[in-house]
Amino acid sequence: MKRTREILVGSLSVSLLATAFCLWSALGNGVNICMTAGCALYQDFTLWGISLWWGGVLVFAFLSSLALLGAASAGYAVSGLALLTDLLLLSVMALTAPCISCLAAAFFFAMTYLCFRKAAAVQSGRTEQGRSWLFFIWLLLFTVNLGAVARTQLSVWPITAGGEDVQVRMFFSPSCPSCRQGVESLSGRVDVAFFPLAENDDDVYRIAHMQTLLDTGRSPAEALAAVQETEAPGGLGVLKPGLLWLRFRMLCNKAHVFMAGAQTVPFLEFHGLPSSLSRKDLPRVQKNPPREFPAGLDHTLPLEPLEPLVSGQCGGVKPCTER
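Here goes a summary of the coordinates provided.

1. A closer look at the sheet that holds strand E3 (residues 168–172)
Right, on to step 1. Taking strand neighbours across the sheet as the criterion, the 3 strands line up as E4-E3-E5 in an open arrangement whose pairing is mixed. The open sheet has two edge strands, strand E4 (192–196) and strand E5 (267–270), and neither has a second partner. Between one strand axis and the next, the sheet turns through 15 degrees on average, direction left out of account.
Right, on to step 2. The sheet contact formed by E3 and E5 spans 4 bridges and is antiparallel. Each bridged residue has a counterpart across the sheet, and for phenylalanine 171 the counterpart in E5 is phenylalanine 267.
Right, on to step 3. Running over the sheet, helix H10 (residues 241–259) touches E3, E4 and E5 and is turned about 110 degrees from E3.

2. Topic: the nonpolar core
Right, on to step 1. Among the nonpolar cores identified, the biggest contains 36 residues, and Phe60, Leu90 and Trp138 are the most heavily contacted of them.
Right, on to step 2. If you list the elements that add at least two residues to this core, you get helix H1 (9–26), helix H3 (52–69), helix H4 (72–95), helix H5 (100–124) and helix H6 (133–152).
Right, on to step 3. A total of 11 residues in this core trace back to one element, the largest contributor, which is H5.
Right, on to step 4. Contact partners of leucine 90, with chain neighbours within four places excluded, come to Leu103, Ala106, Trp138, Leu141, Phe142 and Asn145.
Right, on to step 5. The next biggest cluster of nonpolar side chains, apart from the first, holds 33 residues, and it includes Val156, Phe171, Leu197 and Val204.

3. As for helix H7 (residues 177–186)
Think of an α-helix as turning once every 3.6 residues; residues three or four places apart then point the same way.
Right, on to step 1. Considered for burial, the residues of H7 that qualify are Pro177, Ser178, Cys179, Arg180, Gly182 and Val183.
Right, on to step 2. The inward-facing, buried residues of H7 abut E3, E4 and helix H9 (220–226).
Right, on to step 3. Positive phi shows up at glycine 188, right after H7, with a value of about 95 degrees.

4. Some words on the packing of H5 against H6
Right, on to step 1. Following both chains from N to C, one finds H5 and H6 inclined at 160 degrees, their axes separated by 11 Å at the closest point. The angle between H5 and H6 places the two elements in the roughly antiparallel class. For the element pair H5 and H6, the recorded crossing hand is left-handed. Only Leu134, Phe135, Trp138, Phe142, Asn145, Leu146 and Val149 of H6 make contact with H5, whose side of the interface consists of Ile100, Leu103, Ala106, Phe107, Ala110, Tyr113 and Leu114.

The rules we used
Residue indices begin from 1 for each chain and proceed along its sequence in written order. Two thresholds apply to this predicted model, a pLDDT of at least 70 for residue-level local features and 80 or more for giving and counting side-chain atom pairs, whereas whole-chain, interface and lining totals are computed over all residues. Side-chain figures throughout are based on the complete set of non-hydrogen atoms in the structure, without hydrogens or water. A pair of strands is considered paired only if DSSP assigns at least 2 bridges between the two. For helices the rule is a DSSP run of H or I covering at least 4 residues; for strands it is a run of E covering at least 2, with both sets numbered from the N terminus onward. All axes here are fitted lines through C-alpha atoms, helices being fitted over the stretch that makes contact, and every angle between N-to-C directions spans 0 to 180 degrees. Pairs of residues are marked as contacts when any of their non-hydrogen atoms sit within 4.5 Å. Buried Ala, Val, Leu, Ile, Met, Phe, Trp, Tyr and Cys residues that are joined via side-chain atoms within 4.5 Å together make up what is termed a nonpolar core. Only protein chains enter the accessibility calculation, which uses a 1.4 Å probe. A residue is then buried if its area is under 20% of the maximum for its type, exposed if over 50%, and partly exposed in between. The cut-offs work like this: below 35 degrees is roughly parallel, past 145 is roughly antiparallel, 65 to 115 is roughly perpendicular, and the gaps in between are oblique. Two helices cross in a left-handed way if the nearer one is turned anticlockwise from the farther one by less than a right angle. They cross in a right-handed way if the turn is clockwise.

And the structure:
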């Protein structure tokens, strides 16, 4: 008996490879190929108690069977529905954090869709397929997520060496008086790392000079105090590769502060409870003795103003111009 439908080799190959990948991920792959925050965020994500990776296994296994049967039109419809569902996941990742493994699965969804789409066109005798708006929207969201992955891989840069003992990260600008006070207070501590950023063009050259002084053994406080009068190099000196690379690294630091929702410096990140907020360091609150009020008067006692937790900052709408 002559077969009316041939096996869709391209669709079958992609579907089987995707099934193996989803099965490998569902069973807990031993190779850590995911390096973004989204990987940890979606690692244990389930729907009705079932991991989404098992859902991927079922979908791709079903598409593999359709490719074996040569059912191009049915495979085109199912893969299109799967790609449409994947748009939701890509949108969520674009708004939260991208996951490299999830993007790999999304790539398989798109490739399977394109293979079945082409096979369906061949079986129907159409020479031109036209434009797929579903794939165009998917490609747009996929590109956005790839850009987010690239952005997360650009790590912040500390001007001082720091290892695993670093518990406090301070982002500062040489132009900011409050930053200079903070660097002076925290200088010399092994659990603090300093991350420079530029509030103006002169800050780039101050940090370049500060790097040189730190290499000679100066402390961060001493180096920062010594570079306040640093002037920009003349001529083509501003285009030196070292200075251009420094600008980029400081721009990454500033982007980190902005993405954290702040636009001012100093900006500090604590990995744990700050020691100044521990119970033994908090000042005791004096309780006022009960007082008697005449009838008809407001019994509400005015609250004493608390000392502000932030003593100074600059940046955003407040430029770092104060010396």
